[in-house]
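# Geometric and topological summary
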Amino acid sequence: MGVRECPALLLLLSLLLPPLGLPALGAPPRLICDSRVLERYILEAREAENVTMGCAEGCSFGENVTVPDTKVNFYSWKRMEVEQQAVEVWQGLALLSEAILQGQALLANSSQPSETLRLHVDKAVSSLRSLTSLLRALGAQVWLCPGTLRHAASAAPLRTFAVDTLCKLFRIYSNFLRGKLKLYTGEACRRGDR
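All residue numbers refer to positions counted from 1 along the written sequence of the respective chain. Local features in this predicted model are restricted to residues of pLDDT 70 or higher, and side-chain atom pairs are both shown and tallied only at a pLDDT of 80 or more, whereas totals for entire chains, interfaces and linings draw on every residue. Water and hydrogen atoms play no part in the side-chain values, which are based on all heavy atoms of the structure.

## Some details on empty space enclosed by the protein
Put plainly, a pocket is an open set of points on a 1 Å grid over the protein atoms alone with protein on both sides within 12 Å along at least five of seven lines, a cavity is a set where a 1.4 Å probe fits but cannot get out, and a lining residue has an atom within 4 Å of a point. Grid points are joined across faces, edges and corners, and a volume is the space filled by probe spheres set on the points. Per the stated rule, a full pass over the model turns up one cavity of 30 Å³ or more. The computed volume of the largest cavity comes to approximately 30 Å³. In this structure, the largest cavity is lined by Glu44, Ala45, Ala48, His120, Lys123, Ala124, Ser127, Phe170 and Tyr173. Runs of H or I in DSSP of at least four residues are treated as helices and runs of E of at least two as strands, each being numbered from the N terminus. When contributions to the lining of the largest cavity are tallied by element, the ones reaching two or more residues are α2 (35–53), α5 (115–138) and α6 (166–191). Element by element, the count of residues in the lining of the largest cavity is highest for α5, at four residues. Residues are sorted three ways: Asp, Glu, Lys and Arg are charged, Ala, Val, Leu, Ile, Met, Phe, Trp, Tyr, Cys and Pro are nonpolar, and all the rest, Gly among them, are polar. Residue composition of the lining of the largest cavity, by class: five nonpolar, two polar and two charged.

Okay, here's the thing in C-alpha cells:
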C-alpha cells in the first residue's frame, strides 16, 4: 500500500511534519519565495488594519502590548548579513505572534467583542503560524541555533514599543510584513540561502 493509495495517511503526515520543523510532503520548500504568497498575507493584514481604523469601542486593550519597531534603515539593512536579518525577522515575528495572541485574549475577555474583529484577529494568528512554517521551510530558523550565528554579539537588540489598540497593532503587523519580512525573504530567496 503506497502513499497514493492512502490519502488519509498523506493528510496525517502533512499535518504532523510541519510542527516538528520538517517540510510537508508535496509542499514546495521555498513557497515563501513566490511573491504572491507574501502579498496575500500583506493584503489580509491591510484589511484588518482598515477594519480597525474606524472602530473606537472594543478596539482598545486597556493595557499595553509590546510590538517590534518596524522602521527600516535601508542602508543598514542592505549592509547586514542575511543571518542578522533572519534573527531580526524571527524576533519580530515572535513578538508579533505574542502580541496578536495577547490581543486575542484581551478581545475574548471584552464585554461585546465584534465578530468582525474576532475574525481578523483569528486570521492574523493563523497567518503568523503559516508564515513561521514558510520561513522554516526556507531554512531561516537555522540562524537562531547557538553556534550558527557568527555575528550574534554584534547584532543590535530588537527595538520595541507598546501599543494599546487593535488598530495600532494591525498597523505594526502590516508594516512588519511589508517591510522587514518582505526585505528578508526577497534577499534570502535571491541568494538561495537555506
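Read on, since the account is not over.
## Quick look at the confidence of the model for the chain
Values of pLDDT, ranging from 0 to 100, describe the predictor's confidence in every residue of the model. Model confidence for the chain is summarised by a mean pLDDT of 77, while 72% of its residues fall at 70 or above. Across the chain, α2 holds the top mean pLDDT of 91, while helix α1 (residues 7–16) sits lowest at 47. Low pLDDT (under 50) marks residues 1–15, which in the prediction has six contacts with non-local residues, meaning those over four places away or in another chain. The contact definition used throughout considers only heavy atoms, calling two residues in contact when any of these lie within 4.5 Å. Throughout residues 145–153 the model reports pLDDT below 50, and contacts reaching past four residues in sequence, or to other chains, amount to ten contacts.

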